[in-house]
Each structure stands twice: as structure tokens, then as C-alpha cells.
Amino acid sequence: MGGNGRSVDLEILIENVLNAVTAGITIGSIYGLMCIGLGLIFGIMRIVNFAQGELLMLGMFASLYLVTGGHILSFLGPYWGPFIGAICAAPLLFAGGALLHKFLISRVSGLRTAGSLDEGHFGQLIVTLGISLILQNGGQIVFGSTPVAVRTPLSAEAFLIGPIYGAATVFLNKAKLVAFFVAILVATVLYLTLEYTRLGKALRAAADNPTAATYMGIDVDRAYRIAFGLGSGITAIAGGLMATYISFGPFVGFDYVIIMYSGVVLGGMGSILGAFWGGLTVGFVQQFSALILPPQLQNAAIFVVFLMIVLLRPQGLFGRSAERA
Amino acid sequence: MRLGAGRQLRRNLTILAVLAVGYSLAALVVTNSYYQLILTLVPVWALFGVSWNILSGYGGQLSFGHAAFFGIGAYTVTLAMIYWSLSPWLGIPLGMVIGGLAALAIGTPTFRLRGHYFALSMLAYPLAILYVLQYLGFQEVSMPMHRDHPVAFMEFSQPRIYTLIAVGLLVGGVVISLVIESSRFGLALLAIRQNELAAEAAGINARLWKMRSLVVSGMMAAVAGGFYARVLLVVTPDSVFGMLVSAQAVVVTLFGGVASVWGPVIGAAILVPLAETLQAELGTYLPGIQGVIYGIAIIAIMLLSPDGLYWTIRDRRFAAKTPTPIPDVVATPPPPHRTSVRADTPLLFVENVSRTFGGLKAVSEVSFAVAEGEILGIIGPNGAGKTTLFNVLNGVLSADAGSARLAGEPMLGRKTFEVCRMGVGRTFQVVRSFPRLPVLDNVIVGAYGAGLSDHEATSSAVWALRQAGLADQSGVAAGQLTNKQLRLMELARALAGQPRLLLLDETLAGLGREECDDVLTVLARLRGEGMTICIIEHTMHAMMRLADRFVVLDHGRVLATGLPRAIVEDASVIEAYLGKKWLARQNA
């Protein structure tokens, strides 16, 4: 009997681990996409954006209103609508992000602060903190504080794989699975664009050395604006995708801003692929921490992971190497 | 206390006393209990802002997680009252102690980070605590009432008494802040904020001062939080550890004026009543209006007057004020504390020092010696490893191998400020000044770094300024100096620490011929007084006049060592560095 009990325990353990792995891959990839958004802004352009979580939140609400609120996309039905809605949130947030940059962020970043004492990070932190406060609290005024979700029947359906070992079965939530594929697709397209097009090269040049890029005839302000817009749009897509399987309110961004910074820092600053892997890793850590920790502590676990990443991986942190004396 | 700061301190204390009495009298008149609450909250948030200002304003270590300390204070007072029936009169001091300990625990790992990484990590602490408290079931904790001994438990039916206590706490915080401002503590923090590496090279133990400021700041924030809990009677993790709480400290301080003790007070006096009134009037229709107002306030202030109201008003109204004169000290040149090395042993002895960056050998088995009173010129092409050598010698970089001794004492493996305290002054290729401090304060930083007392430091700084010929500029902000003056000021800062050895990195870079001559005159005077100097320089005509001996570096190695004449005729040096033209011109 004892042997039987052990094998049931083992089955449960295997099932939990396998499900944590699949959830880690699907959720982690969406985190990866989210991190790419911040990776563009913080990793490459070196703009500290505190309001990135609020851009994610706006992506969620944009998708929600496109799909259900305005009935613009409701003809697509509950299966395709939410995912198309997530993608359609991108151009809206691209425009929003570009405007934000044009009127506020550009005044505390880029050429204006290149070479200044702290590269303008102080100003960026403060201005984006202000934007974050306005969007969170303004969101509460506009959207209300009752949690909402973009409903799709897919979030209640799952593919079953197995039983693999004994009764151990892997559940693949369909909403998360589709979101996963969309995330991978968007990430790939973005990566190829940045790597191989003229725009991508201009962005990278502007980020690497804004002053030199100006001399090379690159409109640095425009490059930064586009990058900020892209970063906002990409994060918004991730938000729209997440909106299909979580419920959210105006303050949701806060939990994710830490995840995003963890991912970008972990992946190594300045690399798009790195940001994706970083986000994926954080997703894994989160899912596996759920095996051990009570649900209330999962968010605390992410903060601890973030602190450990920042404290233990200084080489990832000081991407521009030591200060030149 | 710093010399000459007494008058300023007395004036500020007078203003503080007038304000505190005036505010308390106003509080006695107000009868409406809601307005009374606002009157109580203004000093509480001002105190919280003052605490944030010590770390983030003076010290420049931006913290977005000050709610950690505020919340610790609030929960300590509340839980101690529930579980141990501890009166807030004791609970607030207890919270203060725990806040200080938390600051130590948080600062120890987090001060390894700089700039925005520090700011982001600080954010994580209160939020992690918030989730843990929710998990532990402390979602909403109310303070029990003690009707039998109300006063013993800080329970007053008269809400104005809370206001008086709040004012008292704020006065305490402001006094502490003023004392810091007018002592070497404040100057060290300002120097660290403006240029941490320069502060370290001037002998300031940056980490220690940052930690001290965090502990003071954490304790003060805990007091504010503990008293806040007592006033509101109910604490929730969100109301004391939440993002909006951390933002309060940032917002009131930035709005009012960063790095000035009056900043948070002004900010709180304007924003807290504004936000509270809006919340009360519009909160039901527009929940979160307070956050929106704060957001708009800090964006506007950042774009319009980045240093806050206090500084903008001060600059507008008192701009024409004459710069602070040199305090009246008898500026006798401090007894140079050099020597006690036997004449035959070198002061600096460098042996086989190496440093690589990845595959690049920046400095490779470099050995040389510098005798007491000698001026050694270090020359070589760009990328030869000259600056890296200095960085290794004064502890900015670690050495991979080798040893260096100053008067027999090992130098390598020490931190930058420790090397400075051994008696090594350093200037930088790109001048590292504290641009917003007056020239005198820039130089005093060097004297404090060397561990001098207030009086000694000031007279040493005045002496150093005279040596450098900058005495007339002592009251000017360093940011307004010309390149030559900046170079001289950096030299004076190094001299103020009364060094035995000066490491000068391209002191003449970017100077015109005449300016060069001015600096050379100063250096020649130092030589006349027996100062030992290692100088990196490309201007050969200057070096020929100045240096007693040359060390030539190329690709990280010592190519040649010797007397100037011999070096400039050395074929390998001409090949690697000087070029044939130079030789031709010399012969012509």
C-alpha cells in the first residue's frame, strides 16, 4: 500500500511539474513579448520608463473596448476577436507612446540629456512616475475599479495530453496556447525588422550613441519616438493577449512592471532576444514558485527574484561597463 | 559643524521656530475636524518628505520604496499595541529602531547598485513586504482603544493635540536635516550625488555615508509612519506600503525643492491640502483624483523647474546675492605632512603591475619607482594604459597582479578613498567637479576626505586654493569656472587632503599655451615645496620643462625609463610615440 501511495504522490508531482513547464513556456513567452517592449525602451534606448506597466494596462483595456466595448471587432466572434483585438491595440498604443515621447519623454531623454550627469535618468524616473500615477488613477476614473476580462470561450477549454505517467496529464489552456503562438509570431516579426531593416539599424545606431548618430544624418528624436512607440505597442499586444486569461483593473500594471524589468535586466541590456529569454525565464520561475509557495506569495517571490537578479548579476546591469575615469 | 555654517543654521532655526509656532496657533483656531486632520497630515507627510530628502535629495540615491520604512513604522506601532499593549509613545521609538535596522538590511545589498538600478530595486522592497503582510492576514488592522488611560496611549479627544505632536516631530526632523546640511555629512552627500567617483578619489567613503543617510532616513520615515498609524487608527498594507505612499515622499520633496530642508515642507503644505480637498470634494465621482493631481504636479515641476519651487523662487529673487565669502580662518599653510621616508627608498614603488580587460592587456608588468620630491612624467601614445595605471594605483580598478607601495605600505587591494587617505591625491583626465557646489566646498571635500577636523579642513582648503591661485573664485559655483580654473580647482581639491603623492592625469589637456603656462607655474611652485608628482601628459614641451624623469608606456608595457634628454633621443620611443618629425623639429 505504501508503494502505491508513493506512486500516486509521484504522479501528482509529475503532473504538477509538467503543467508548470507548459504554463511556464506559454505564459513565459507572453512575458517575453512584454519584456521586448520594455527592452526597446529601457534596454536599447536607455530610457527608464516607470509607466511601462500602465502601457500594458492600456493595451488590455484597448483590446477590451475593441472587442466588446465598441463592438468594432465583435463581428470576429469570441474565438478570433480577442486575439485580433490584442494585435489591434498595438497601433493605438504606438500612437499613444509616440505622442507621450514627443511631448514629455523627449524632454528628459535622448540628445537633451546625452552626456549629462546621470544621462537624465533622474528626470525620466520622475516624469514616467508621474505618467504612471496619472494613467493608474485616471484609469480608475475612466474604467472603474471592478476587475474585467476579455472573455473568450477558449480560456475555459484545454487540450489534454496524456495521461503520460499513470494518471498524470498535461492541460494546455487553449487561450494561453493561441496567445503563445501570437506572441512568438509578433516577437519574430519584430526581431527580423530590427535586425535587417534600415529602420532597425537607425534605431540601434541612435541608441548606441545619439550624438554620433546625429552626425550620420539620423533623425535621433524621430528614431527615439518610433522606438518608444514600438515599445509601447509591443507591450500593449502582450497586455491584450494576457487579457484573455486574467482579469484586470487599472492597477494591474504595477505587478508586471517588476516582471518586465527583471526580464530585461536578466536577459542583458540592449538585446531584443535577451529580453525575450529573460521574460521567459521569469515566467518559468513564477510558475515553478507556484508549486512551492502559496498563491498570495507568488508576487512577493517575483520581487525577491528581481532583487536577486539585480544584485547577483552586476555584469548584466552595467552593460556599458565600468565608468571611465 | 562646518566653519561659517553657524550663521546660516541660526537663521534657519529662527525661521523654523516662527513657522512652528504660527502653524500651531493656526491649528488651535481650526475647529472643523476634517480640516484639523489635514493640518495633522501636512507635517506627517512633510516629515516623510524630509526623510526621503536626506537620502535621495542630498545624497542623490533615488528611492522609490520609502514606503518600506513608513510602513514598518506604522505596522510596528499598531502590532505592538495589539499584541503587547505597547503605548505608541514607546511604539514609535521602537518603530524607529526597527526602521533603522531595516535600512541597514536593505542598504547592505542594495548600495552595490547605482542610479536607476538602485531606484528600481528600492521599489521592490515595500511591495514584497506588502504581499507578505497580506499573506500573513494583516489586511486591515485596527488599533485597540484604551479608554482607561487615553493619554498614556496617545489617545486624545482633542484632534489639535495630534497636530501639535505632528509639528513637534516635524521640527525634530527639520533640525536633524539642518544639522546634516551644515556638517561634513551633508557636504559628503552632496559630493556623492554630483560625482561619486570624484568623491571617492577625494577620500570620501561613499558607501559609509550613503548607508548613514539611509539609516537616518529610514528611522525618520518610520516615525512618520508610526504616528500616521496612530492618527488614522487603521492600517492596511496598501495605505502604508503602497506605491502612492512612496510617491508622496518623492512628490512633496520634488515639488517643494529637492536637497533643501524647506523643500518637503513647502511641497507638503501645498500639495497635501490640495489633494485631500480634491479627494473629499470629487473623490466620489472621480476616485483616484489625488493620484492624478500628484502625477500632473511632478511632471509639471520636472519640466518647468526641475529642482522644485524653493530653488526657483530663490534663484529668481535672490540671484544677485553676493557669493559667500571665505570664512575668516587663519589660513596658515598646514604643515606638510610628507616625509619620514628615508632618502634612499622611493616614495612610490610599483612592481610588475598588470591589468587585463578580457583579452586586452591594458597594463602589463609595469614597474617603476618615484623618489620623494621627484616629478615623474608618464608619457606614451593613446591607449598605452596610462590612465588605467592610475586607476589601478588609486583603487578605481583592481590589479590582476603585481604590487605597489607608498612609503613601504601596500596600496593595491584598497578602496579608492582608502588610497586617498594614505596620502594619494588624484585628478582626472576629464575634470570631475561637483558643479553646483562653490569652489571652496569642492576643495573642502578633499580636506574632509583626508579626515581633517572642520577648522583644519577649511584652513587647508583655503591654503590649497591660494596655492592654485583660485582664492578669488572661492565663492563661485564650480559649474561656472573656465576649463583652466576647473583643472586648478581639481588640483586644489587633491592638495587640500595634504597628499604625499599627486597623480595628475592630463592636467594640461585642452588648455591654450598661456593657460598651460599658468598651470605649469603652479606645478613648479609645488615642486619647489617638495611635492612628489606623477603626471600623465601629452604636451611634450611642457613635460620637458617639468619632469625630472620619464616613464614611457606603450601597449601597456614600460618601453623606456630615464632622464628626459635620454628618452627623447631613444629610438624606440621616437618610433612608438614621438615620431620622426618631432626629432627633426628638435634638431632644427
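Structural notes, computed from the coordinates.

So, how was this worked out
Residues numbered from 1 in each chain as written. Chains lettered and ligands numbered in written order. Predicted model: local features only at pLDDT ≥ 70, side-chain atom pairs only at ≥ 80, totals over all residues. Heavy atoms only, no water. Helix = DSSP H or I, 4+ residues; strand = E, 2+ residues; numbered from the N terminus. Contact = heavy atoms within 4.5 Å. Areas by Shrake-Rupley, 256 points an atom, 1.4 Å probe, with all protein chains shown as cover. Lys, Arg positive; Asp, Glu negative; His and termini not counted. Charge placed at Lys NZ, Arg CZ, Asp CG, Glu CD. Buried < 20%, exposed > 50% of the residue type's maximum accessible area, 1.4 Å probe, protein only. Salt bridge = Lys/Arg side-chain N within 4 Å of Asp/Glu carboxyl O. Polar contact = N/O pair within 3.5 Å; in protein donor to acceptor, adjacent residues only side chain to side chain. Nonpolar A, V, L, I, M, F, W, Y, C, P; charged D, E, K, R; others polar. Pairing = 2+ DSSP bridges. Right-handed = clockwise from strand over helix to strand, strands pointing away. Expected span 1.5 Å × (residues − 1). Axes fitted to C-alpha atoms, helices over the stretch in contact; angles between N-to-C directions.

**What about the overall build of chain A?**
Point 1. A count of helical and extended segments in chain A gives 12 helices and 2 strands.
Point 2. Starting at the N terminus, the α and β elements of chain A follow one another as α-α-α-α-β-β-α-α-α-α-α-α-α-α.
Point 3. The dimensions of chain A, computed from C-alpha atoms along their principal axes, are 75 × 50 × 40 Å.
Point 4. The long-range fraction of contacts in chain A, counting pairs at least 24 apart against all pairs at least 6 apart in sequence, stands at 75%.
Point 5. Carbon together with sulfur atoms contributes 66% to the accessible area of chain A, which is approximately 13,500 Å² in total.
Point 6. Side-chain charges in chain A split into 16 positive and 13 negative, and the spacing between the mean points of these groups amounts to 9 Å.

**Re the overall build of chain B**
Point 1. Helices and strands together make up the secondary structure of chain B, namely 24 helices and 12 strands.
Point 2. With the C-alpha coordinates aligned to their principal axes, the bounding extent of chain B is approximately 95 × 50 × 45 Å.
Point 3. Evaluated residue by residue, chain B yields a buried proportion of 59% over its 588 residues.
Point 4. Relative to all contacts within chain B whose residues are 6 or more apart in sequence, the contacts with residues 24 or more apart total 74%.
Point 5. For chain B, the exposed area adds up to about 23,100 Å²; of that, 60% sits on carbon and sulfur atoms.
Point 6. For chain B, the distance from the average site of its 45 positive side-chain charges to the average site of its 38 negative ones is 1 Å.

**Observations concerning the interface of chain B and chain A**
Point 1. On the chain A side, the residues contacting the 47 residues of chain B number 45 residues.
Point 2. Applying the counting criterion to the chain B and chain A interface returns 0 salt bridges.
Point 3. In this assembly, chain B and chain A are joined by 1 residue pair in polar contact (both at pLDDT 80 or more).
Point 4. Only helix 4 (88-110), helix 5 (115-136), helix 7 (184-194), helix 11 (243-256), helix 13 (289-304) and helix 15 (386-393) of chain B provide two or more residues apiece to the side of chain B that touches chain A.
Point 5. When residues of the side of chain B that touches chain A are assigned to their parent elements, the largest contribution, 13 residues, is made by helix 5 of chain B.
Point 6. Grouping the constituent residues of the side of chain B that touches chain A by class yields 33 nonpolar, 10 polar and 4 charged.

**Some words on the pairing of strand 10 (residues 532-536) of chain B**
If a strand is regular, its side chains alternate between the two faces of the sheet.
Residue and element names in this part refer to chain B.
Point 1. Among the 5 residues of strand 10, 5 are classified as buried, and the element is accordingly described as predominantly covered.
Point 2. Of the two faces of strand 10, the one carrying Thr532, Cys534 and Ile536 and the one carrying Ile533 and Ile535 are both buried.
Point 3. Pairing of strand 9 (residues 501-505) with strand 10, which is carried by 5 bridges, proceeds in the parallel orientation. Residue pairing across strands places aspartate 505 opposite isoleucine 536, the latter belonging to strand 10.
Point 4. Note that the unit made of strand 9, helix 20 (residues 513-528) and strand 10 has a crossover that is right-handed.

**Considerations on helix 11 of chain B**
All names here are of chain B.
Point 1. With 14 residues, helix 11 extends 20 Å from end C-alpha to end C-alpha; this agrees with the ideal 20 Å at 1.5 Å per step.
Point 2. By the criterion of burial, helix 11 is predominantly enclosed, with 13 of the 14 residues buried.
Point 3. Note on helix 11: the residue one or two positions beyond its end, glycine 257, has a positive phi of about 145°.

**With respect to the sheet that holds strand 6 (residues 401-406) of chain B**
Residue and element names in this part refer to chain B.
Point 1. Ordered in space as 4-3-6-7, the 4 strands form an open sheet in which the pairing is antiparallel. Each edge of the open sheet carries a strand with a single partner, namely strand 4 (360-370) and strand 7 (409-410).
Point 2. Together, strand 3 (348-357), strand 4 and strand 6 form the strand contacts of helix 15, whose direction differs from that of strand 3 by roughly 110°.

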